[in-house]
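# Coordinate inspection notes
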Amino acid sequence: MPLSRRDFLKLSALVTASAALSACAPVYQRLAGDLPTVPWTALGANDFLALNRLTFGPRVEERARFVEIGLRAWVEEQLDFESINDLDCELQLAPFKSLKKAANELEGISNQLFDGYDRETIPNELRQATLIRQIYSKRQLYEVMVEFWSDHFNIFIEKGNGFYLKTVDDREVIRKHALGSFRDLVWASAHSPAMMIYLDNQANEKSHPNENYARELMELHTLGVDGGYTQKDVMELARCLTGWNVKEHFWLGDFVFKDDLHDTGEKNVLGLSIQPSGIKEAEQVIEMLVVLPSTAKFISTKLVRRFIADDPPQALIEKAAQTFINTKGDIKSVLRVVLLEGLPLAQPKYKRPANFVLSSLRMLNAETDAVAINEHLLRMGQQYFNWTTPDGYPDYSEAWQGNLMPRWQFAFALIRNELKNTKHNLNSLLDVSSTGILQDDVDSIASLLLGAPIESSVRDGLIDTVRGADATDEETLQIIAASVIASPAFQWR
């Protein structure tokens, strides 16, 4: 049926006009999808919120598993991510030849004029692979943490040779250490050619010190802006980092320390006297930075903000920071505190564009190759690895509450199956146990997308409005589903 975007947006506004969504509304048995034999119980508002933080939008089978084993066991299962069989997702990544290649190989294929490769192929494959992992991986908490660290150690992929070096950084730094040791994560990032290029440390030499990386290593990666360092400390750390560079010839793109560019004088960083010892000077500072209390507090604050609330509870931050100190930065141990003690108290967070898009796709069980999805994220302002400054994409609601039109356009196109190589099937979600009653189907879709049905009077008004435009029951359900995705209620998680 023809439906103007103006009419569509009016419907989406009506969804949130529903006075209240039940805190304990049932997620119906017939939405069990891949697990039809698992009995469903009520999925309360807190559990729905928790799963929205632990995943990129909970699929029906993930809800069933959560109901079956509870929050603590679900978190432990996800933290043990290597034991989760993710073969189906890995098979979808097989066509992306660039993901496993070394830096010099990537540089070589980027210069090919044949076989479909050029400068844009490598970053586009990384973006596409990232989306596919977030949509299809069963290791959802791991992927959420990969996204978190990608923001924390942000690299603008389009700067210099970052267009191919970021692929190596993603594999060897972020993904390798996302649920490991914070010390190992910082260490790997500090030796990452992509980071060296992005923050200009390849231009940091004894005759012309460059402070960019030294500053961000303390301000953004470890201590935080209020972590107790001074401009003098930045300058001294920059001297320690002189000579940290990237190979330009044989094995192009690998990390290298160039002795001839290194300042061999004595340094002092944060009160630590550093005697001349080449590459070990900066490595000595890194070992100090990763265990300082300021670092523990800064990282814990960011984790609590990401998972719990824009205004993070101080008591939870302090407990997480103490765990960070006690375990020498064991990421899993800190996450246990943040998630198990914090999620029951979590406050709604506005979805960043990626969360909005991914939750739509995952909850509707959509099939996609992610190409069109990347284009929509670009319009919404969160194309992957495209944030130019080293602070990473913002993680607070106010930063994203601007232009909603691209989100509405995405919802409209998604539900009409107008996105290239992207399809969904609402009927497959309702499956054979559907009652055939449209009101029940609308309740099910609302529970699927919002965690609870829409108030009955609002639901019936939506149905009457759409039917008034001569829509069939199937068209009515699709239009209302799109209206829910575009609604203010769906913008929060």
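Attention in this report is confined to the structure presented alongside it. (Residues numbered from 1 in each chain as written. Predicted model: local features only at pLDDT ≥ 70, side-chain atom pairs only at ≥ 80, totals over all residues. Heavy atoms only, no water.)

Another point: the overall build of the chain. Summing up its helical and strand segments, the chain has 23 helices and six strands in all. Each of the 493 residues in the chain was classed as buried or not, and the buried ones make up 56%. Looking at the chain alone, contacts between residues at least 24 apart form 71% of all its contacts between residues at least 6 apart. For the chain, the computed accessible surface area is about 20,000 Å², with 53% contributed by carbon and sulfur atoms. (Helix = DSSP H or I, 4+ residues; strand = E, 2+ residues; numbered from the N terminus. Buried < 20%, exposed > 50% of the residue type's maximum accessible area, 1.4 Å probe, protein only. Contact = heavy atoms within 4.5 Å. Areas by Shrake-Rupley, 256 points an atom, 1.4 Å probe, with all protein chains shown as cover.)

Of the voids in this model, the largest pocket is the one considered here, and its volume is about 600 Å³. If you trace the largest pocket, you find 23 residues lining it, with G224, F298, T301, K302 and R305 closest to the centre. When contributions to the lining of the largest pocket are tallied by element, the ones reaching two or more residues are helix 7 (140-152), helix 11 (212-221) and helix 14 (293-307). A per-class count over the lining of the largest pocket returns eight nonpolar, six polar and nine charged. (1 Å grid on protein atoms, 1.4 Å probe; cavity = no way out; pocket = protein on both sides within 12 Å on 5 of 7 lines; lining within 4 Å. Points joined across faces, edges and corners; volume = space filled by probe spheres on them. Nonpolar A, V, L, I, M, F, W, Y, C, P; charged D, E, K, R; others polar.)

Here the focus is the pattern of salt bridges. Counting across every chain of the model gives 28 salt bridges. A salt bridge links R65 to E77; the nearest nitrogen and oxygen atoms lie 2.5 Å apart. Judged by relative accessible area, which is 31%, R65 ranks as partly exposed. The salt bridge involving E147 is made with R306; its shortest N-O contact spans 3.2 Å. Of this pair, E147 sits in helix 7 while R306 sits in helix 14, and the two are 159 residues apart along the sequence. Ionic contacts of the salt-bridge type, sharing partners, join the residues E147, D151, R306, D310, K349, R352 and D395 into one network. (Salt bridge = Lys/Arg side-chain N within 4 Å of Asp/Glu carboxyl O.)

So, about helix 19 (residues 405-415). The element helix 19 is extensively covered by neighbouring structure, given that eight of its 11 residues are classed as buried. Burial in helix 19 covers these residues: P406, R407, F410, A411, F412, A413, L414 and I415. Just downstream of helix 19, N417 is the residue with a positive phi angle, here 55 degrees.

M145, W149, F182 and F307 are the most contacted members of the largest nonpolar core, which has 147 residues in total. Contacts of M145, omitting those with residues within four sequence positions, involve A178, L179, L303, F307, I331 and L335. (Core = buried A, V, L, I, M, F, W, Y, C linked by side-chain atoms within 4.5 Å.)

Another point: the environment of K297. Within the secondary structure layout, K297 lies in helix 14. Here K297 falls in the partly exposed class, since its relative accessible area comes to 48%. Apart from the residues within four sequence positions on either side, K297 is in contact with I317 and A321.

The subject of this paragraph is empty space enclosed by the protein. One pass over the full model with this rule turns up four cavities of 30 Å³ or more. Approximately 150 Å³ is the volume attributed to the largest cavity. The wall of the largest cavity is formed by T130, Q134, V146, E147, S150, D151, N154, R352, Q382, Y384, F385 and Y393. Broken down by secondary-structure element, the contributors of at least two residues to the lining of the largest cavity are helix 6 (121-136) and helix 7. Top contributing element to the lining of the largest cavity by residue count: helix 7, with four residues. Along the lines of polarity and charge, the residues of the lining of the largest cavity split into four nonpolar, five polar and three charged. Taken as a whole, the second largest cavity encloses approximately 50 Å³ of empty space. Residue lining of the second largest cavity: R53, T55, F56, V144, E147, R306, N355 and R493, and that is the complete set.

Moving on to the packing of helix 2 (residues 45-54) against helix 3 (residues 60-79). Two elements in contact, helix 2 and helix 3, have axes whose closest approach is 11 Å; the angle formed by their N-to-C orientations is 80 degrees. Classified by the angle their axes make, helix 2 and helix 3 are roughly perpendicular. Residues D47, F48, L51 and L54 of helix 2 lie in contact with helix 3, whose contacting residues are E62, R63, F66, L71, W74 and V75. (Axes fitted to C-alpha atoms, helices over the stretch in contact; angles between N-to-C directions. Parallel < 35°, antiparallel > 145°, perpendicular 65-115°, else oblique.)

Below, the discussion takes up the packing of helix 11 against helix 12 (residues 231-240). Between helix 11 and helix 12, whose axes approach to 8 Å, the crossing angle comes to 125 degrees. One element, helix 11, and the other, helix 12, form an angle in the oblique class. As helix 11 packs across helix 12, the resulting crossing turns out to be right-handed. Contacts between helix 11 and helix 12 involve A214, R215, L217 and M218 on the former and, on the latter, Q231, D233, V234, L237 and A238. Its residues assigned to classes, the contact of helix 11 with helix 12 comprises six nonpolar, one polar and two charged. (Left-handed = near helix turned anticlockwise from the far one by under 90°.)

Moving on, we come to helix 14. Its 15 residues place the ends of helix 14 21 Å apart at the C-alpha level, agreeing with the 21 Å of an ideal helix rising 1.5 Å per residue. Within the span of helix 14, buried status applies to T295, A296, I299, S300, T301, K302, L303, V304, R306 and F307. (Expected span 1.5 Å × (residues − 1).)

One pass over the structure, following the stated rule, counts 14 aromatic pairs. Between W149 and F153, the aromatic rings sit 6.0 Å apart at their centres with planes inclined by 40 degrees, giving tilted as the arrangement. Considered together, W149 and F153 belong to a single accessibility category, that of buried residues. An aromatic cluster is built from F148, W149, F153, F182 and F324, whose rings are joined through pairwise contacts. We note K302 situated over the ring of F148; from NZ or CZ to the ring centre the distance is 6.0 Å. Against the face of F490 rests K351, its NZ or CZ located 3.4 Å from the ring centre. (Phe/Tyr/Trp six-rings, centres within 6.5 Å; stacked < 30°, edge-to-face > 60°. Lys NZ or Arg CZ within 6 Å of the ring centre and 35° of its normal.)

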